Structures are given as C-alpha cells and as structure tokens.
Amino acid sequence: MDQKSNIILIGFMGSGKTSVGERLAKRLSYNFCDTDQLLERNAGDSINHIFSVHGEEYFRDMETQLLQELSSSLEQTVLSTGGGLPIREQNSERLKELGFVVFLKASKNTTVDRLMGDTTRPLLKGEELEQKVERMLDIRTPIYEKAAHMVITTDHKTIDEIVELIMIAYLKQK
Ligand code: S3P
C-alpha cells in the first residue's frame, strides 16, 4: 500500500484512542500525537471553553485546519483523533491519505459506563447521557466504518490486546 508510515485512531469519545495510541506508539517507537491535546495547546484554551465561547463549528474548523497542517509533516506517528473529526468528509479522506486508519469500536453500554461523570466533553453535557450516546453512535458508526481501513471491537479486550491486533494488521499491510 502506498501510504505514509502513520497509524490514525478514530472512534467515539471514550473508545480508548488515547490510551491505546500511547501504548502503540511506545511499542513501535513512533511519536504520539492527539488532536485534542494539540488544539488545546495551540489555542492555549480548553475544548470546553472553545465550544462555549465560539461554538462547535469554530472547533470543527480548527480540527480541519490542524489536519491540513499535519498532513505535510506527519511520519512514524500514532495520531489519536477527536471523536468528531472524521465526520467531515474532507477530514476522513485526508486521514486515509495520512496513514493506516483504525476505528476503535465500543458498544453503547461500555461507552456510557466510561463517560458517566465526565465533565470534559461539551457535547455530552446535561442530562440523558445514554440517549445522547445512542443517537450519536447511530449517526457516527457508519461514518467511522467507512473512514477506516480496520475496525476493532474493543469491548472485553485489554489495551495490550488491542495494540497487538493493530500492530499485526499494520505491519502486514505495510
Ligand atoms: C468530540 C470528541 C472529543 C473532543 C470534543 C468533541 C466529538 O474528543 O474532540 O469534545 O465530537 O466526539 P475525544 O473523542 O478524544 O473525547
């Protein structure tokens, strides 16, 4: 496959992109980047605050812009992406050009358990977490599936097991 040497992790909030990404990068001796962390660092502001002051579209534009900037420089990197980043088609197309895209797919129940009590995700604020997650998963799951080269169901798997599966698939297609 004529593809850059990067692995991109996509999936819903709480699907384990950052934990898996950090460990995967260590195993491969790759760099690790997280789009949320990069955006917060560049803006000198929290995602929560960016959403509340400027709104979601502004944040999505920041994501698109960041991805554009990363495209020329990313090599030997595991990139963990914000859960909404692949929803814009231009972003998901760019991700596929950037590297091997893996969708970490967690069930609704696992996702809700992990996100219960979270205060860092503006889109999940307020009541009815379960209904929100269900509605968003219904819309986003087919988009994540289309955007990915590989789908891993993560329920009942350890981080190490997920890392192993990604490494085997990545090194095979390289
Ligand atoms: C979002 C996911 C978050 C963050 C922002 C919006 C989303 O990232 O980018 O709160 O739309 O799903 P994580 O997936 O890392 O939580």
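All figures in this text were calculated on a predicted structure; none of them were measured in a lab.

### Describing the site of the ligand
Phase 1 of the analysis: Taken together, 13 residues form the shell around the ligand, and within it Lys17, Asp36, Arg60, Arg121 and Arg140 come nearest.
Phase 2 of the analysis: The backbone of Gly83 places a nitrogen or oxygen atom 2.8 Å from an oxygen atom of the ligand.
Phase 3 of the analysis: Within the contact set of the ligand, an oxygen atom lies 3.3 Å away from a backbone nitrogen or oxygen of Gly84.
Phase 4 of the analysis: Coverage of the ligand by the protein chains reaches 95% of its 390 Å² of free accessible surface.

### What about the sheet that holds strand β3 (residues 77-80)?
Phase 1 of the analysis: Spatially, β2-β3-β1-β4-β5 is the arrangement adopted by the five strands of the open sheet, whose pairing is parallel. With partners counted over all chains shown, the strands left at the sheet margins are β2 (31-34) and β5 (150-153), one partner each. This sheet shows a mean twist of 20° between the axes of neighbouring strands, independent of strand direction.
Phase 2 of the analysis: Pairing of strand β4 (residues 100-105) with β5, which is carried by four bridges, proceeds in the parallel orientation. For Lys105, the partnering residue across the bridge sits in β5 and is Thr153.
Phase 3 of the analysis: Along the sheet face, helix α7 (residues 129-147) touches β1 (6-10), β4 and β5 and points at about 150° away from the line of β4.

Rules used throughout
Residues numbered from 1 in each chain as written. Predicted model: local features only at pLDDT ≥ 70, side-chain atom pairs only at ≥ 80, totals over all residues. Heavy atoms only, no water. Near = heavy atom within 4 Å. Polar contact = N/O pair within 3.5 Å; in protein donor to acceptor, adjacent residues only side chain to side chain. Areas by Shrake-Rupley, 256 points an atom, 1.4 Å probe, with all protein chains shown as cover. Pairing = 2+ DSSP bridges. Helix = DSSP H or I, 4+ residues; strand = E, 2+ residues; numbered from the N terminus. Axes fitted to C-alpha atoms, helices over the stretch in contact; angles between N-to-C directions. Contact = heavy atoms within 4.5 Å.

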